Amino acid sequence: MAALSRLPEAEQERIAGELLSHLEKVTSLRADIEAGLRSLDAGEGRELDIDAVIARARSRNGQW
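Residues numbered from 1 in each chain as written. Predicted model: local features only at pLDDT ≥ 70, side-chain atom pairs only at ≥ 80, totals over all residues. Heavy atoms only, no water.

Peer 1: Quick rundown of the overall build of the protein chain? Include the residues and the values.
Peer 2: The number of helices and strands found in the protein chain is three helices and zero strands. Going residue by residue from the N terminus, the α and β elements of the protein chain occur as α-α-α. Taking 11 Å as the expected radius of gyration for a compact globule of 64 residues, we find that the protein chain reaches 20 Å, considerably beyond that expectation. Along the first, second and third principal axes, the C-alpha set of the protein chain runs to 55 × 35 × 15 Å. Buried positions account for 0% of the 64 residues belonging to the protein chain. Accessible surface computed for the protein chain: about 6000 Å², of which carbon and sulfur atoms make up 56%. Counting 9 positive and 12 negative side-chain charges, the protein chain places the centres of these two groups 4 Å from one another. (Helix = DSSP H or I, 4+ residues; strand = E, 2+ residues; numbered from the N terminus. Rg over C-alpha atoms; globule rule 2.2 N^0.38 Å. Buried < 20%, exposed > 50% of the residue type's maximum accessible area, 1.4 Å probe, protein only. Areas by Shrake-Rupley, 256 points an atom, 1.4 Å probe, with all protein chains shown as cover. Lys, Arg positive; Asp, Glu negative; His and termini not counted. Charge placed at Lys NZ, Arg CZ, Asp CG, Glu CD.)

No statement about biological role is implied by the geometric values presented.
In structure tokens:
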């Protein structure tokens, strides 16, 4: 934090914005994981066809 305080204010603002964005993503991911765990604990899990998941991801991203 001391090193950041010596940076120009514009740079501090940029870094703070990036940090806040990252924290929002982590918070969202954590909430998604907790919801998934609750679902599994409630017995709502199902077997995953990993080949189908990979195929869908590749088709969405235009990769084969």
